[in-house]
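Each chain is listed here by its residues.
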Amino acid sequence: MRNKPRRDNFLREKSIMNKNLSTFTSIRHDRQLHLYLAWGWPFCHRILAALAITKLEDNISITWMENIKGEAGWKMYFLGEPLFNSDSLKAVYQQLEPTVEHRYSVPLLVDKKNNILLSTSSPDIVRYVARGFDAAFSVAYDLLPNKFIKDIDEMNTAVKITKYFSILIFPP
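Residues numbered from 1 in each chain as written. Predicted model: local features only at pLDDT ≥ 70, side-chain atom pairs only at ≥ 80, totals over all residues. Heavy atoms only, no water.

So, the pairing of strand β2 (residues 61–64)
Here is step 1 of the chain: What you see with β2 is a clean split: Ser61 and Thr63 sit on the buried side and Ile62 and Trp64 on the side with no burial.
Here is step 2 of the chain: Looking at chain direction, strand β1 (residues 33–37) and β2 are connected through 4 bridges and run parallel. When the bridges of β2 are listed, Leu35 appears paired with Ile62.
Here is step 3 of the chain: Each parallel crossover has a hand, and the one from β1 via helix α1 (residues 45–54) to β2 is right-handed. (Buried < 20%, exposed > 50% of the residue type's maximum accessible area, 1.4 Å probe, protein only. Helix = DSSP H or I, 4+ residues; strand = E, 2+ residues; numbered from the N terminus. Pairing = 2+ DSSP bridges. Right-handed = clockwise from strand over helix to strand, strands pointing away.)

Brief notes about the packing of aromatic side chains
Here is step 1 of the chain: Throughout the structure, instances matching the rule amount to 5 aromatic pairs.
Here is step 2 of the chain: Considering the side-chain rings of Trp39 and Trp64, the 4.8 Å spacing of their centres and the 5° angle between planes classify their relative orientation as stacked. Here Trp39, found in the loop between β1 and α1, pairs with Trp64, found in strand β2; they are 25 residues apart in sequence, far enough to count as distant.
Here is step 3 of the chain: Where Phe133 meets Phe137, the ring centres are 5.8 Å apart and the plane angle is 80°; that geometry is what we call edge-to-face. Take Phe133 and Phe137: they sit in the same class, and that class is buried.
Here is step 4 of the chain: Connected via pairs of aromatic rings, a cluster forms that spans Tyr128, Phe133 and Phe137. (Phe/Tyr/Trp six-rings, centres within 6.5 Å; stacked < 30°, edge-to-face > 60°.)

Section: the nonpolar core
Here is step 1 of the chain: Ranked by size, the top nonpolar core spans 35 residues in total, and within it Tyr36, Leu89, Val106 and Phe133 carry the most contacts.
Here is step 2 of the chain: Among the elements of the structure, β1, α1, α2 (89–96), β3 (108–111), β4 (116–119) and α3 (122–130) are those that each provide at least two residues to this core.
Here is step 3 of the chain: When residues no more than four places from it in sequence are discounted, the contact partners of Val106 are Tyr36, Leu37, Ala38, Trp41, Cys44, Met65, Trp74 and Leu89. (Core = buried A, V, L, I, M, F, W, Y, C linked by side-chain atoms within 4.5 Å. Contact = heavy atoms within 4.5 Å.)

Some details on α1
Here is step 1 of the chain: Every buried residue of α1 is accounted for by Ile47, Leu48, Ala50, Leu51 and Thr54. Buried residues of α1, seen end-on, are gathered within an arc of 160° and therefore sit on one face of the element.
Here is step 2 of the chain: Buried residues in α1 make contact with β1, β2, α3 and α4 (132–135).
Here is step 3 of the chain: Looking at the residues trailing α1, positive phi occurs at Lys55, about 65°. (Arc of directions from axis to C-beta.)

Observations concerning the environment of Ala38
Here is step 1 of the chain: By the secondary structure assignment, Ala38 is in the loop between β1 and α1.
Here is step 2 of the chain: The sequence separation of Ala38 and Ile68 amounts to 30 residues, and the corresponding C-alpha distance is 8.6 Å.
Here is step 3 of the chain: Other than its neighbours up to four places away in sequence, Ala38 contacts Cys44, His45, Trp64, Met65, Glu66, Asn67, Trp74 and Val106.

A look at the confidence of the model for the chain
Here is step 1 of the chain: With 73% of its residues at a pLDDT of 70 or more, the chain has an overall mean of 77.
Here is step 2 of the chain: With pLDDT under 50 throughout, residues 1–13 is counted as low confidence; its partners more than four residues away or in other chains account for 22 contacts. (pLDDT = per-residue confidence, 0-100.)

Considerations on the sheet that holds β2
Here is step 1 of the chain: Spatial strand order, β2-β1-β3-β4: 4 strands in an open sheet with mixed pairing. A strand with exactly one partner marks an edge of an open sheet, and here the two such strands are β2 and β4. Here the strands of the sheet are splayed against their neighbours by 30° on average, with no regard to which way each runs.
Here is step 2 of the chain: Judged from the 4 bridges that link them, β1 and β3 form a sheet pairing that is antiparallel. (Axes fitted to C-alpha atoms, helices over the stretch in contact; angles between N-to-C directions.)

Structure follows, in structure tokens:
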């Protein structure tokens, strides 16, 4: 259930991260994973950077949202969204999980072969990319050296706090 922001307190539902991501190792050749991103939302940028640095950008498809989120949510930049031919991100969420109320936002990682919502968490998606989609692919550079994982987790906590402030300024 979605928690609504209030003036005196801000609550947000937990990001979704499907714990069965490791079962999606069949993605080697069929571009099974799909991302929904927007240049206008800064938490999408780190995913793009991770894909470029690891040289995995050709192994995942992307649908771009318009850069300004409208009253009805994020709209597709181009028509012809690959899963449901939707014109909005809200419609994609509703097709993937019709009985669940979500905060319809980017980033969104989907298994398009099985129509499963995998993640809405940019730090978790970056980790998944950094690990070569759970070793389905080798990565060009190690973005998660063991000696820095604690520091990375602390930085993600600080970024999450910044994200909450941005949501207060630009409410969903």
